[in-house]
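Structural overview for review
Read off the chains here:
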Amino acid sequence: MTTSTALLLADLVGVAVFAASGASAAVAKRLDLFGVVFVGFVAALGGGIVRDLVVDQAPPLAFADWRYAATAVVASAVVFRLHPQFARLRTTVLVLDAAGLALFTVTGTLRALDAQVPPVGACLVGMLTGIGGGLGRDLLTGEIPVVLRREIYAVAALIGAATVVALDGLDRTGPVPLTVAAALVFGLRLVALRRHWSAPLPTFRPPRPNGHPPPS
Amino acid sequence: MTTSTALLLADLVGVAVFAASGASAAVAKRLDLFGVVFVGFVAALGGGIVRDLVVDQAPPLAFADWRYAATAVVASAVVFRLHPQFARLRTTVLVLDAAGLALFTVTGTLRALDAQVPPVGACLVGMLTGIGGGLGRDLLTGEIPVVLRREIYAVAALIGAATVVALDGLDRTGPVPLTVAAALVFGLRLVALRRHWSAPLPTFRPPRPNGHPPPS
Amino acid sequence: MTTSTALLLADLVGVAVFAASGASAAVAKRLDLFGVVFVGFVAALGGGIVRDLVVDQAPPLAFADWRYAATAVVASAVVFRLHPQFARLRTTVLVLDAAGLALFTVTGTLRALDAQVPPVGACLVGMLTGIGGGLGRDLLTGEIPVVLRREIYAVAALIGAATVVALDGLDRTGPVPLTVAAALVFGLRLVALRRHWSAPLPTFRPPRPNGHPPPS
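Conventions adopted
Residues numbered from 1 in each chain as written. Chains lettered and ligands numbered in written order. Predicted model: local features only at pLDDT ≥ 70, side-chain atom pairs only at ≥ 80, totals over all residues. Heavy atoms only, no water. Phe/Tyr/Trp six-rings, centres within 6.5 Å; stacked < 30°, edge-to-face > 60°. Helix = DSSP H or I, 4+ residues; strand = E, 2+ residues; numbered from the N terminus. UniProt positions renumbered as here; feature names shortened; annotations may be inferred. Axes fitted to C-alpha atoms, helices over the stretch in contact; angles between N-to-C directions. Left-handed = near helix turned anticlockwise from the far one by under 90°. Contact = heavy atoms within 4.5 Å. Nonpolar A, V, L, I, M, F, W, Y, C, P; charged D, E, K, R; others polar. Expected span 1.5 Å × (residues − 1). Buried < 20%, exposed > 50% of the residue type's maximum accessible area, 1.4 Å probe, protein only. Arc of directions from axis to C-beta. Salt bridge = Lys/Arg side-chain N within 4 Å of Asp/Glu carboxyl O. Parallel < 35°, antiparallel > 145°, perpendicular 65-115°, else oblique. Polar contact = N/O pair within 3.5 Å; in protein donor to acceptor, adjacent residues only side chain to side chain.

Looking now at the packing of aromatic side chains. Residue and element names in this part refer to chain A. Summed over the entire model, instances satisfying the criterion amount to 3 aromatic pairs over all chains. Taken together, a centroid distance of 5.3 Å and an interplanar angle of 40 degrees make the contact between Phe18 and Phe104 tilted. Residue Phe18 is found in helix H1 (residues 3-28), and its partner Phe104 is found in helix H5 (residues 89-114); the two are separated by 86 residues along the sequence.

Structure, rendered in structure tokens:
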């Protein structure tokens, strides 16, 4: 299997799990079939489209290669049909989302390095590829974006992207090191969810005499 | 009239009706003159800007050709001045929106095919060109995006885009077949609105003992 | 100091003040450290990324030059640490936002003209560069976008962008005229805030017998 085939496969698995996460979120909101497919499509392909616009790959893979859109649509439709078997949709969304975050961060960083984006930029593009789809899904379904919630999320992607950039610098971008990088992001995110790891909060508390949130 | 002139005219009519739909929505939200023009501008040009970024037309037509921005601004300002004559703004928004959806889907699909985007991608780009402006308008005015509501919307655009791709395959992209494709999208959308056609809903119902929506 | 160095410096100052505005808004929403940095990053670099996508500068400066991201991250982290010293965060956000609006409008218009975008398009790109970051910040923190609020905002950017286009036509794009253009935007925005200048409102009032807002 060539690197390019492996990258395509990892991408399509990421598309499928992000589509399933978007579709699950849309089913939980009681959207109809096309709403479910649309949210699944945005969740699956939004991050990659942003990445391709940034590295000037035109048209983006999501439009140039029909297998991307087909994977997103099929995965979303499968979730629409099978969702009664998902006992707890919220957990499903979170685990699939962590898997998509891991896969897209790794493939996004690699594609940015391929397009000659310098190291710091490649980390950012990889992180955005990972978090873009979930951001679109949450904006469409009216949730607070997962990236702004308490548990670490973007920072897991950033650590994974920096790992890929470092591996690339060492010329060690074979399947095994990259799988380790993806597993690192996936593991970090799941442990953060389970242990409620979060970044520091502001220490300042505005006065709130009546217990109301401060005006903003 | 050359094909290119016809495409420009269809585009500008689409810009005008989408600007009017955005401006009507903004007037209904009681925004001021510049808010109305801004929402009209986003509704009119957002879909085309996304399309041009995707097919790597730089700068996008909305910035390269002043007639696009001028049409959007004039149409929005006219709605701002004349809106007391619109008795029922909501209906106006929906009908104008259907017309813009039809025109932008057809012109967006054609431009994607011109830019050598493959058939499946061209359908998606055409659909996104059609639905992008309305999505931006609804996000800015705090409405649930029309594309996620019950009646078919994106699917009407997708059928229209597929029709244009098929006509292109048959080398029949003259004004008459394309007008028929646009009328098909417009008609589908209006009938869907009137008859409340919608896609299938999830069959699963999460338990809701107290009639509250399920936690998500 | 060359023009290009001056443009870079103005850009980085704009990045710092917009990052601080985004971080202040995020601190006011009680987000954690990474949420604060993320919102600061979007506020600081969102407008420029949109500008670079539109003028086909790939990858966008925010990814090609690490000093942009570093400035945004440091400015956001400084606000996170020092915010107890900001007595009134809302005023701070508004003043920093006005400064970022002024700087980004001027540099965005110049970069669009450099990329051969025609005059009307360059005004629009300059305005979007100025307002894009604040729009992203407000969407992420759940505020009504500042650009749609009563006091003039986008129109200050548009006047500034038109001034830069006019100066460019007169071949007077030295540091002094451009600083005057930026000061014009900053001053207009601050005066508009203080005096509650706003654009005309719709004259039409839909019937509201019970004092409820009209259905939309």
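Following the structure, the description resumes.
All right, on to the UniProt feature "domain: Glycine transporter" (unreviewed entry) in chain A then. UniProt's entry tags residues 9-83 and 95-167 of chain A with the feature "domain: Glycine transporter" (unreviewed entry), counted in the numbering of this structure. Split by type, residues 9-83 of chain A is 84% helix and 0% strand. Its first and last C-alpha atoms lie 25 Å apart.

The next thing to look at is the packing of helix H2 (residues 33-54) of chain B against helix H6 (residues 119-140) of chain B. Residues and elements named next belong to chain B. Direction vectors running N to C along H2 and H6 enclose 145 degrees, while the axes themselves pass 7 Å from each other. Handedness of the crossing formed by H2 with H6: right-handed. Between H2, through Phe38, Val39, Val42, Ala43, Gly47, Gly48, Arg51 and Val54, and H6, the contact on the second element is made entirely by Val125, Leu128, Thr129, Gly132, Gly133, Gly136, Arg137 and Leu140. Among the residues making up the contact of H2 with H6, the classes are represented as 8 nonpolar, 6 polar and 2 charged.

All names here are of chain B. For helix H8 (residues 175-195), which comprises 21 residues, the first-to-last C-alpha distance of 30 Å matches the rise-based estimate of 30 Å (1.5 Å per residue) to within 8%. Among the residues of H8, those classed as buried are Pro177, Leu178, Ala181, Ala182, Val185, Leu188, Arg189, Ala192 and Leu193. Down the axis of H8, the buried side of the element spans an arc of 160 degrees, and every buried residue falls inside it. With respect to the buried face of H8, the exposed residues turned more than 90 degrees away are Pro175, Val176, Thr179, Val180, Arg194 and Arg195. At the exit of H8 stands His196, carrying a positive phi of roughly 55 degrees.

Residues and elements named next belong to chain A. As for its placement among the helices and strands, Gly134 is situated in helix H6 (residues 119-140). For Gly134, a relative accessible area of 0% corresponds to the buried category. Along the primary structure Gly134 and Gly100 are separated by 34 residues, whereas in three dimensions their C-alpha atoms are 9.0 Å apart. In this structure, Gly134 is in contact with Phe18 and Asp97, ignoring residues within four places of it in sequence.

Now for helix H7 (residues 154-169) of chain A. Taking 1.5 Å per residue, 16 residues should reach 22 Å; H7(A) reaches 22 Å between its end C-alpha atoms and fits that length. Restricting attention to buried positions, one finds in H7(A) the residues Ala154(A), Val155(A), Ala156(A), Ala157(A), Gly160(A), Ala161(A), Val164(A), Val165(A) and Leu167(A).

Right, let's get into unusual backbone geometry. Residues Ala58(A) and Pro59(A) are joined by a peptide bond in cis, for which omega reads -10 degrees. In this model, Gln116(C) sits at a positive phi of 65 degrees, which is unusual for a non-glycine residue. For Gln116(C), a relative accessible area of 66% corresponds to the exposed category.

Considering all chains together, one arrives at 15 salt bridges over all chains under this definition. Arg51(C) is the salt-bridge partner of Asp52(C), the closest N and O atoms lying 3.0 Å from each other. Pair check on accessibility: Asp52(C) and Arg51(C) agree, each one buried. Here the residues in one salt-bridge network are Asp97(A), Arg137(A) and Asp138(A), joined through shared partners.

Residue and element names in this part refer to chain B. For the pair H2 and helix H4 (residues 66-82), interaxial distance at closest approach is 8 Å and the crossing angle is 135 degrees. With respect to each other, H2 and H4 are oriented oblique. Taken as a pair, H2 and H4 cross one another with a handedness that is right-handed. For the pair formed by H2 and H4, the contact residues are Leu33, Val36, Val37, Gly40, Phe41, Ala44 and Leu45 on the first element and Tyr68, Ala69, Ala72, Val73, Ser76 and Phe80 on the second. For the contact of H2 with H4, the residue count by class is 11 nonpolar, 2 polar and no charged.

Residue and element names in this part refer to chain A. Structurally, Asp97 can be placed in helix H5. Asp97 gets classed as buried once you look at its relative accessible area, which sits at 1%. Side chain to side chain, Asp97 and Arg137 meet in a polar contact 2.7 Å long. Not counting residues within four places of it along the chain, the set of residues in contact with Asp97 comprises Phe18, Ser21, Gly134, Arg137, Val146 and Tyr153.

In this section: the side chain of Ser24(C). Residue and element names in this part refer to chain C. Along the chain, Ser24 turns up in helix H1 (residues 3-28). Owing to a relative accessible area of 0%, Ser24 belongs among the buried residues under this scheme. Within polar-contact distance, the side chain of Ser24 engages the backbone oxygen of Ala20 at 2.7 Å.

Residues and elements named next belong to chain C. Within the fold, Val164 resides in helix H7 (residues 154-169). Judged by its relative accessible area of 0%, Val164 falls in the buried class. With near-sequence residues (within four places) excluded, Val164 lies in contact with Val106, Thr109, Leu110, Leu113, Leu178 and Ala181.

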